[in-house]
Every structure is written in structure tokens, then in C-alpha cells.
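# Remarks on the overall topology
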Amino acid sequence: MKMKGIIFLPILVGIGGSLLFPYRLKGKAFNEDHDPIKGMVVYHFRTGMQTQTNADGYFELPGVRPFDSVQIGSAPYKTIIALANERGRLVVKLKKG
């Protein structure tokens, strides 16, 4: 009797899907008083894509992978760099600089 071998390959899977494939990062930017901030620039380092937050502080950025670096900021707030998570959500609180 000839037995077939089984090969196990590690597959990285996050909660929202595979870590190998990009997704649409969704997030919000708030100030220290928990008010949404409009017009914050959100920049994705790996792809060079950027967007801005709307009046509700909300943004969407396509092509992001978990643990990619994203820069968020605009005057008069301090710019921060955050890592995208595997859930595709990002909430940041920005302080005035």
C-alpha cells in the first residue's frame, strides 16, 4: 500500500483574512477632547497612497497590509506613525503640537 505524504505549509491568517493580501484600512482621528478631526492627512509608506479624514474624522485607505506603517497628521496637531493591525481598523488620538 502506497501512502501519500501530507505537506503542512504555514499560512498567516488574521482575523479579517490573509496577512498576505492587502485590505482597506478604516479609521478615525480624534483630538484630546474626543472630537473628530477633519482634514488630517493619512499617508501609507509602502504604497505612497494618501487620503484625508472627513468631517467625522473618518478615513479609508486601500492597499494596506497588517503591520504596514501609516502616518497621520496635519497642523496644528503632532504627526504620528501607527501600525495597521490585522483587523483593518485604526483609531488615533492626536495632540496639538
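No experiment lies behind these values; they were computed from the predicted model shown.

The rules behind each value
- Residues numbered from 1 in each chain as written.
- Predicted model: local features only at pLDDT ≥ 70, side-chain atom pairs only at ≥ 80, totals over all residues.
- Heavy atoms only, no water.
- Core = buried A, V, L, I, M, F, W, Y, C linked by side-chain atoms within 4.5 Å.
- Buried < 20%, exposed > 50% of the residue type's maximum accessible area, 1.4 Å probe, protein only.
- Helix = DSSP H or I, 4+ residues; strand = E, 2+ residues; numbered from the N terminus.
- Contact = heavy atoms within 4.5 Å.
- Phe/Tyr/Trp six-rings, centres within 6.5 Å; stacked < 30°, edge-to-face > 60°.
- pLDDT = per-residue confidence, 0-100.
- Salt bridge = Lys/Arg side-chain N within 4 Å of Asp/Glu carboxyl O.
- Pairing = 2+ DSSP bridges.
- Axes fitted to C-alpha atoms, helices over the stretch in contact; angles between N-to-C directions.

### With respect to the nonpolar core
With 17 residues, the main nonpolar core has Leu 25, Met 40, Ile 72, Leu 90 and Leu 94 as its most contacted residues. Residue assignment for this core shows that the elements contributing at least two residues are strand 3 (23–30), strand 6 (58–64), strand 7 (69–73) and strand 9 (89–93). Those residues within four positions of Ile 72 in sequence are excluded, and the remaining contacts are Met 40, Val 41, Val 42, Lys 78, Thr 79, Ile 80, Leu 90, Val 92 and Leu 94.

### Description of the packing of aromatic side chains
Describing an aromatic ring pair means giving the distance of the ring centres and the angle of the ring planes. Taken as a whole and judged by the stated rule, the model has one aromatic pair. Ring centres of Tyr 43 and Phe 45 lie 5.3 Å apart, and the angle between their planes is 85°; this geometry places the pair in the edge-to-face category. Accessibility expressed as a relative area gives 26% for Tyr 43, which makes it partly exposed.

### Some thoughts on the confidence of the model for the protein
Taken as a whole, the protein shows an average pLDDT of 82; of its residues, 79% reach a score of 70 or greater. Mean pLDDT across the elements of the protein ranges from a minimum in strand 1 (residues 13–14), with 43, to a maximum in strand 5 (residues 50–52), with 97.

### Quick look at the pattern of salt bridges
Inspection of the entire model under this criterion finds two salt bridges. Measuring nitrogen to oxygen at the nearest pair gives 3.0 Å for the salt bridge that ties Arg 46 to Asp 68. With a gap of 22 residues between them, Arg 46 in the loop between strand 4 (41–44) and strand 5 and Asp 68 in the loop between strand 6 and strand 7 connect regions that are remote in the sequence. By relative accessible area, Arg 46 is classed as partly exposed at 41%.

### Structural notes on the sheet that holds strand 9
The strand order 6-3-9 describes an open sheet built from three strands, whose pairing is mixed. What marks the edges here is a single partner per strand, and that holds for strand 6 and strand 9. The sheet shows a mean angle of 25° between the axes of neighbouring strands, direction not considered. Of the strand pairs in this sheet, strand 3 and strand 9 are connected by five bridges, and their pairing is parallel. Bridging across to strand 9, Gly 27 finds its partner in Leu 90.

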